[in-house]
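# A structural walkthrough
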Amino acid sequence: MQSVAEFDNVGLRYGTGAETLTDVSFKLFPGSFYFLTGASGAGKTSLLKLLYLAHRPSRGAIRMFGEDLVAMPRSRLPGFRRRIGVVFQDFRLVQHLSAFDNIALPLRIAGISERDLVGPVNEMLDWIGLTERSSARPATLSGGEQQRVAIARAVIGRPEMLVADEPTGNVDPDMALRLLKLFAALNRLGTTVVVATHDIHLLQEIEGAQMMRLDKGRLSDPTGSLRHPPRPLVLRN
Ligand SMILES: Nc1ncnc2c1ncn2[C@@H]1O[C@H](COP(=O)(O)OP(=O)(O)OP(=O)(O)O)[C@@H](O)[C@H]1O
């Protein structure tokens, strides 16, 4: 089975300091669901940045969607990025756009007509409980509401891979579960999902999700699952 992403002995160093990531090797298989855990500062955000192509590795090889990323000319990267949905830790919503327009953004970029995008965007607003706040700008939304808009924007275009950095850090447990169900639904449609989280309760909610654990920049594979293609997911009630 061809992997969605494959890291081979990847190292990442910021400036001249010690390596933040060391000898990181793994394969992400299509349609699988991964949780990335590890203590604060272990390198989770750094690993996700490599995955969503915000950084290039200092050493090692990365293949993405079957192509060698390190050798790829920069001009081809934006096309690759469009295949990846990202939920940033700091949301990065477009401040002058409403909640509706932020969520609609990936569909507009993909050339979907206004008539065809209204339904899906409204459905997404309903799922995240923000129908009433559809025309609100990000600055007038709470942190948790902004996070929900950021998640809706990341999933609405059904990306091939979804990368989410602490996506439930600002919401209550009920909403966290609801958002996890959204990720699981996207995953069932074929998207490979990678969620970095501190929240160990979330890990227990999805049976069959695979665990990646970072410890001081090194990846461990506690269940041995990173070497195997996915098992079907079961979401607990
Ligand atoms: N742009 C940067 N320049 C220099 N050092 C950085 C940069 N980004 C991260 N680091 C360092 O790399 C290490 C790993 O940071 P990273 O944000 O990847 O960890 P994390 O596991 O996501 O932490 P948290 O759970 O607190 O978000 C930290 O020591 C951090 O200070």
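Everything below is about the structure printed above this text.
Please read all numbers here as calculations on a predicted model, not as lab measurements. Counting from 1, residues in each chain are numbered in the order their sequence is written. Two thresholds apply to this predicted model, a pLDDT of at least 70 for residue-level local features and 80 or more for giving and counting side-chain atom pairs, whereas whole-chain, interface and lining totals are computed over all residues. Processing note: side-chain calculations cover all non-hydrogen atoms of the structure and skip hydrogens and water entirely.

### Details of the site of the ligand
Applicable threshold: To be near a molecule or strand, a residue needs just one of its heavy atoms within 4 Å of it. Counting of polar contacts relies on pairs of N or O atoms within 3.5 Å, with two restrictions inside protein: one atom must be capable of donating a hydrogen and the other of accepting it, and residues adjacent in sequence are counted only when both atoms are side-chain atoms. What sets the accessible areas is the Shrake-Rupley method with a 1.4 Å probe; for residues, cover comes only from the shown protein chains. Three categories are distinguished: nonpolar for Ala, Val, Leu, Ile, Met, Phe, Trp, Tyr, Cys and Pro, charged for Asp, Glu, Lys and Arg, and polar for the others, with Gly belonging to the last.
The ligand sits among Tyr14, Thr20, Ala39, Ser40, Gly41, Ala42, Gly43, Lys44, Thr45, Ser46, Gln89 and His198. A distance of 2.8 Å separates an oxygen atom of the ligand from a polar backbone atom of glycine 41. With respect to the ligand, the backbone of alanine 42 contributes an N or O atom lying 3.2 Å from an oxygen atom. Relative to its unbound accessible surface of 630 Å², the ligand loses 58% to contact with the protein. Across the shell around the ligand, the residue classes tally to three nonpolar, eight polar and one charged.

### What about the sheet that holds strand 3 (residues 33–38)?
So the rule is basically this: Two strands pair if DSSP finds at least two bridges between them. Under the DSSP-based scheme used, a helix requires at least four consecutive residues in state H or I and a strand at least two consecutive residues in state E, with every element numbered from the N terminus. Here an axis means a line fitted to C-alpha atoms, over the contact stretch when the element is a helix, while the angle between two N-to-C directions is reported on a 0 to 180 degree scale.
Taken in spatial order, the six strands of this open sheet run 6-7-8-3-10-11, and their pairing is mixed. The open sheet terminates on both sides in strands that have one partner only, identified here as strand 6 (84–87) and strand 11 (218–220). Across the sheet, the axes of successive neighbouring strands diverge by a mean angle of 20°, strand direction being ignored. Where strand 3 meets strand 8 (residues 192–196), four bridges bridge the pair, whose relative direction is parallel. Bridge assignment links tyrosine 34 to a residue of strand 8, and that residue is valine 194.

### Brief notes about the pattern of salt bridges
So the rule is basically this: A side-chain nitrogen of Lys or Arg and a carboxyl oxygen of Asp or Glu constitute a salt bridge if their distance falls within 4 Å. Under the scheme applied here, a residue whose accessible area is under 20% of the maximum for its type counts as buried, over 50% as exposed, and between as partly exposed, the area being computed with a 1.4 Å probe on protein chains only.
Applying the stated criterion across every chain yields a total of nine salt bridges. One salt bridge in this structure joins arginine 83 and glutamate 160, with 2.8 Å as the shortest N-O distance. On the criterion of sequence distance, the pair formed by arginine 83 in the loop between helix 2 (77–81) and strand 6 and glutamate 160 in the loop between helix 5 (143–155) and strand 7 (161–165) is long-range, its members being 77 residues apart. Arginine 83 gets classed as partly exposed once you look at its relative accessible area, which sits at 28%. Glutamate 160 gets classed as partly exposed once you look at its relative accessible area, which sits at 37%. Glutamate 114 is the partner of arginine 108 in a salt bridge, and the nearest nitrogen-oxygen pair spans 2.8 Å. Linked through salt bridges whose partners overlap, the residues forming this network are Glu19, Asp23, Arg59 and Arg218.

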